[in-house]
Amino acid sequence: MSQIGKTPDEKFLIKLFEIAISRGDPFAVIPIHKVAEKAGQKESEVKNITKLLAQANFIKKVGEKEVRLTEHGKRFVENEL
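Criteria and thresholds
- Residues numbered from 1 in each chain as written.
- Predicted model: local features only at pLDDT ≥ 70, side-chain atom pairs only at ≥ 80, totals over all residues.
- Heavy atoms only, no water.
- Helix = DSSP H or I, 4+ residues; strand = E, 2+ residues; numbered from the N terminus.
- Rg over C-alpha atoms; globule rule 2.2 N^0.38 Å.
- Buried < 20%, exposed > 50% of the residue type's maximum accessible area, 1.4 Å probe, protein only.
- Contact = heavy atoms within 4.5 Å.
- Pairing = 2+ DSSP bridges.
- Core = buried A, V, L, I, M, F, W, Y, C linked by side-chain atoms within 4.5 Å.

## What about the overall build of the protein chain?
The secondary structure content of the protein chain amounts to four helices and three strands. Counting helices and strands in the order they occur from the N terminus, the protein chain gives α-β-α-α-β-β-α. Its C-alpha radius of gyration of 11 Å places the protein chain within 12% of the 12 Å reference for a compact globule of 81 residues. Principal-axis analysis of the C-alpha atoms places the extent of the protein chain at approximately 30 × 25 × 25 Å. Counting across all 81 residues of the protein chain, residues that qualify as buried make up 38%. Sequence-distant contacts in the protein chain: of pairs separated by 6 or more residues, those separated by 24 or more amount to 52%.

## Notes on the pairing of strand 3 (residues 66-69)
Burial along strand 3 is one-sided: the residues V67 and L69 are buried and none of E66 and R68 is. Sheet analysis places strand 1 (residues 30-31) next to strand 3, joined by two bridges and oriented antiparallel. Of the residues in strand 3, the one forming a bridge with I30 is V67. Of the pairings in the sheet, the one linking strand 2 (residues 59-62) to strand 3 comprises four bridges and is antiparallel in character. Opposite V62, over in strand 3, you have E66 as the bridge partner. What sits between strand 2 and strand 3 in their antiparallel hairpin is a turn of three residues, with G63 showing a positive phi close to 75 degrees.

## Regarding the nonpolar core
Ranked by internal contacts, the top residues of the largest apolar core, which has 20 residues, are F12, L13, L16, L53 and I59. Looking at which element gives the most residues to this core, the answer is helix 1 (residues 8-22), with seven residues. Setting aside anything within four residues of it in sequence, one finds L16 in contact with I30, V35, I59, V67, R68 and L69.

## Remarks on unusual backbone geometry
Within the chain, N57 stands out as a residue other than glycine whose phi angle is a positive 65 degrees. By relative accessible area, N57 is classed as partly exposed at 43%.

Geometric values such as these leave the question of function open.
Below, the structure written as structure tokens:
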């Protein structure tokens, strides 16, 4: 799938969804660094992205280093794909 024209936030959400689906659960808890690596983003950049996505209810932070999609985030990604 082409990531051209996607914002860093969208790229992060899509990669989070893809990793979670590969584990068999769209709401799986995934380490932030793994999503950042797959999305080609720096971990320092992702810190702000995760903060904003959590505030917008697209993701739920699990501790300091892991995240999972919310139902709202899952619907958004499904519409993007």
